[in-house]
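# A look at the structure
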Amino acid sequence: MNLTIEQLASIIADYIQVGYMEAVRAYEPTQDIIKTSEVLRWLRFVHIDRKRFNALVKKGLIRRKRLGPAKNSAFGYSKKEIKQAVAASKISSIIVQEYITKVLCK
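A short tour of the structure in this document, coming up. (Residues numbered from 1 in each chain as written. Predicted model: local features only at pLDDT ≥ 70, side-chain atom pairs only at ≥ 80, totals over all residues. Heavy atoms only, no water.)

With that out of the way, let us pick up the overall build of the protein chain. Of the regular secondary structure elements, the protein chain holds five helices and three strands. Listed N to C, the secondary structure of the protein chain is α-α-β-α-α-β-β-α in terms of helices and strands. Taken over C-alpha atoms, the radius of gyration comes to 16 Å for the protein chain, far larger than the 13 Å a tight globule of 106 residues would show. Dimensions of the protein chain along its principal axes, counting C-alpha atoms only, are 60 × 25 × 20 Å. (Helix = DSSP H or I, 4+ residues; strand = E, 2+ residues; numbered from the N terminus. Rg over C-alpha atoms; globule rule 2.2 N^0.38 Å.)

Printed below as a string of structure tokens:
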């Protein structure tokens, strides 16, 4: 598998952010949770495509959690879980692109 330097740098940067978010989650769990109503704004802020987010939610890689014990409590998502799923999907898309080019070039 051949990675360009830009792809490698992007992968490393994504996983550094995931590691940082895991540390924040360990010390301040409330900083990791984002309400459903705020997710779209945060996705735009961190440059994550809404379609990719929705696809990862549909596949079960990103799960929403109830923020309180009551039945009518709001739902939220883990920022770290979102970033981790997006980073993994980027790697899988690079692998798929590499496989497609390998098959088509034969």
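Next comes the rest of the account.
An order of β1-β3-β2 is seen for the three strands of this open sheet, with the pairing classed as antiparallel. Sheet topology places β1 (33–35) and β2 (65–66) at the edges, where each strand pairs with a single neighbour. Relative to strand β3 (residues 75–78), β2 runs antiparallel, the two sharing two bridges. Residue pairing across strands places K65 opposite G76, the latter belonging to β3. (Pairing = 2+ DSSP bridges.)

So, about unusual backbone geometry. In the Ramachandran plot, H47 falls in the positive-phi region, its phi being about 60 degrees despite a non-glycine side chain. If you trace the backbone, H47 turns up in the loop between α3 (36–45) and α4 (50–59).

Okay, the pairing of β3 next. For a regular strand, the rule is simple: side chains alternate between the two faces of the sheet. Where β1 and β3 come together, three bridges link them in antiparallel fashion. Among the inter-strand pairings, K35 is bridged to a residue of β3, identified as G76.

The relative placement of two packed helices is expressed as an angle between their axes plus a distance between the axes. Here helix α1 (residues 5–27) crosses helix α5 (residues 79–105) at 160 degrees, and the two axes come no closer than 9 Å. One finds that α1 runs roughly antiparallel with respect to α5. Crossing geometry of α1 relative to α5 is assigned as left-handed. Facing Q7, S10, I11, D14, Y15, Q17, V18, M21, E22 and R25 of α1, the residues of α5 in contact are K79, K80, K83, Q84, A87, A88, K90, I91, I94 and Q97. (Axes fitted to C-alpha atoms, helices over the stretch in contact; angles between N-to-C directions. Parallel < 35°, antiparallel > 145°, perpendicular 65-115°, else oblique. Left-handed = near helix turned anticlockwise from the far one by under 90°. Contact = heavy atoms within 4.5 Å.)

Within this structure, the stated rule accounts for one aromatic pair. Just above the ring of F75 sits the side chain of R64; from NZ or CZ to the centre is 3.8 Å. (Phe/Tyr/Trp six-rings, centres within 6.5 Å; stacked < 30°, edge-to-face > 60°. Lys NZ or Arg CZ within 6 Å of the ring centre and 35° of its normal.)

Let's shift gears to the nonpolar core. In terms of nonpolar packing, the biggest core is built from 14 residues, with W42, L43, I48, F53, I62, Y77 and I82 touching the most fellow members. Those elements giving two or more residues to this core turn out to be α3, α4 and α5. Not counting the four nearest positions on each side in its chain, W42 is found in contact with M21, I34, I48, K79, I82 and K83. (Core = buried A, V, L, I, M, F, W, Y, C linked by side-chain atoms within 4.5 Å. Buried < 20%, exposed > 50% of the residue type's maximum accessible area, 1.4 Å probe, protein only.)

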